[in-house]
Amino acid sequence: IHQQIIQAGHSALEAGRTFNEYHGTSHLILFAVKNQQELLEVRQYLIDNEVNHRLFYEPDHDYHYTSITTEPIYGHKRSIFKHFKLYKGETNERT
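Thresholds applied
- Residues numbered from 1 in each chain as written.
- Predicted model: local features only at pLDDT ≥ 70, side-chain atom pairs only at ≥ 80, totals over all residues.
- Heavy atoms only, no water.
- Salt bridge = Lys/Arg side-chain N within 4 Å of Asp/Glu carboxyl O.
- Buried < 20%, exposed > 50% of the residue type's maximum accessible area, 1.4 Å probe, protein only.
- Helix = DSSP H or I, 4+ residues; strand = E, 2+ residues; numbered from the N terminus.
- Expected span 1.5 Å × (residues − 1).
- Arc of directions from axis to C-beta.
- Contact = heavy atoms within 4.5 Å.
- Polar contact = N/O pair within 3.5 Å; in protein donor to acceptor, adjacent residues only side chain to side chain.
- Phe/Tyr/Trp six-rings, centres within 6.5 Å; stacked < 30°, edge-to-face > 60°.

Caption draft 1: Up close: the pattern of salt bridges. Applying the stated rule across the entire model yields 1 salt bridge. Between Glu71 and Lys77 there is a salt bridge, and its shortest N-O distance comes to 3.1 Å. Residue classification places Glu71 among the buried residues on the basis of a relative accessible area of 12%. Overall, Lys77 belongs to the partly exposed group, its relative accessible area being 22%.

Caption draft 2: Spotlight on helix H2 (residues 36-48). Taking 1.5 Å of rise per residue, 13 residues should cover 18 Å, and H2 covers 18 Å from first to last C-alpha, within 8% of that figure. Every buried residue of H2 is accounted for by Leu39, Val42 and Leu46. The arc that holds every buried residue of H2, seen down its axis, measures 55 degrees, which confines them to one face. Of the surrounding elements, those touching the buried residues of H2 are strand S1 (53-58) and strand S2 (64-70). Measuring from the backbone nitrogen of Gln37 back to the side-chain oxygen at the start of H2 gives 3.2 Å, which picks out Asn35 as the cap. Once H2 ends, the next one or two residues include Glu50, with phi positive near 55 degrees.

Caption draft 3: Quick peek at the packing of aromatic side chains. Evaluated as defined, the whole model comprises 4 aromatic pairs. Here Phe81 and Phe84 contribute two aromatic rings whose centre-to-centre distance is 5.9 Å and whose plane-to-plane angle is 35 degrees, an arrangement assigned as tilted. The class for Phe81 is buried, based on a relative accessible area of 13%. Feature note: the residues Phe31, Tyr45, Phe81 and Phe84 constitute an aromatic cluster, connected by ring pairs.

Printed below as a string of structure tokens:
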């Protein structure tokens, strides 16, 4: 589980550098995916729904993609995420 926390932190930092937007309190919400292929499917979904995002790869893990962070999401765009499964740590890893 510690690697997931580290990857979320890296991804959030990169997104902050990329989007450079601040409108008050920010929120970090983690969604679960099973593998890199599913992560790339989420990326395509974001592209299809015109959500700016940053795909993060981990150079210490053979340059595999490990996470995606979106631009800050407001208003109606929030609804496009309603079908995603929330990350729940080890619980997700057993399913």
